[in-house]
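Take a look at the letters that make up each chain.
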Amino acid sequence: MNKYIALDGDRLDVVVYKTYETLENFSAVLKENPHLHQKYILESGDIVYLPDFIKPKEKEPKALWN
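Because the structure is a prediction, the values reported are computed rather than measured. (Residues numbered from 1 in each chain as written. Predicted model: local features only at pLDDT ≥ 70, side-chain atom pairs only at ≥ 80, totals over all residues. Heavy atoms only, no water.)

> Any details on the overall build of the chain? Residues and values, ideally.
Helix and strand counts for the chain stand at two helices and two strands. Starting at the N terminus and walking to the C terminus, you meet the elements of the chain as β-α-α-β. When the 66 residues of the chain are sorted by exposure, 24% land in the buried category. The contacts in the chain between residues at least 6 apart in sequence include a share of 63% that link residues at least 24 apart. (Helix = DSSP H or I, 4+ residues; strand = E, 2+ residues; numbered from the N terminus. Buried < 20%, exposed > 50% of the residue type's maximum accessible area, 1.4 Å probe, protein only. Contact = heavy atoms within 4.5 Å.)

> Quick one: what's the story with the side chain of Asn-33, residue by residue and with numbers?
For Asn-33, the position within the fold is in the loop between helix H2 (26-32) and strand E2 (47-50). Looking at Asn-33, the relative accessible area reads 0%, which means it is buried. Setting aside residues up to four positions removed in sequence, Asn-33 forms contacts with Ile-47, Val-48 and Tyr-49.

> Tell me about the side chain of Thr-22, and please be specific about residues and values.
Relative to the helices and strands, Thr-22 resides in the loop between helix H1 (12-20) and H2. Engagement of the side chain of Thr-22 in a polar contact is seen with the backbone nitrogen of Glu-24, the distance being 3.2 Å. If near-sequence neighbours (up to four positions away) are discounted, Thr-22 is found in contact with Val-16 and Tyr-17. (Polar contact = N/O pair within 3.5 Å; in protein donor to acceptor, adjacent residues only side chain to side chain.)

> Could you give me a rundown of the pattern of salt bridges, with the residues and numbers involved?
For the coordinates displayed, the defined rule picks out three salt bridges. Asp-13 serves as the salt-bridge partner of Arg-11, at 2.6 Å between the closest nitrogen and oxygen. In this structure Asp-13 comes out as partly exposed when scored by relative accessible area, which is 25%. (Salt bridge = Lys/Arg side-chain N within 4 Å of Asp/Glu carboxyl O.)

This is the structure:
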């Protein structure tokens, strides 16, 4: 598990997106950070615990015609 030390004005959703390139893991990150449930904007020094996730593989585009 990694941790991120927030800068003043960071937002949790932006931190999650920058880390995982998706928001699919947002609820799992929130479970690891109950101290941040009521914070919309993070303060300098807030610690965000970031669980290890495997990034989802990109899906192959489907053909438009068979």
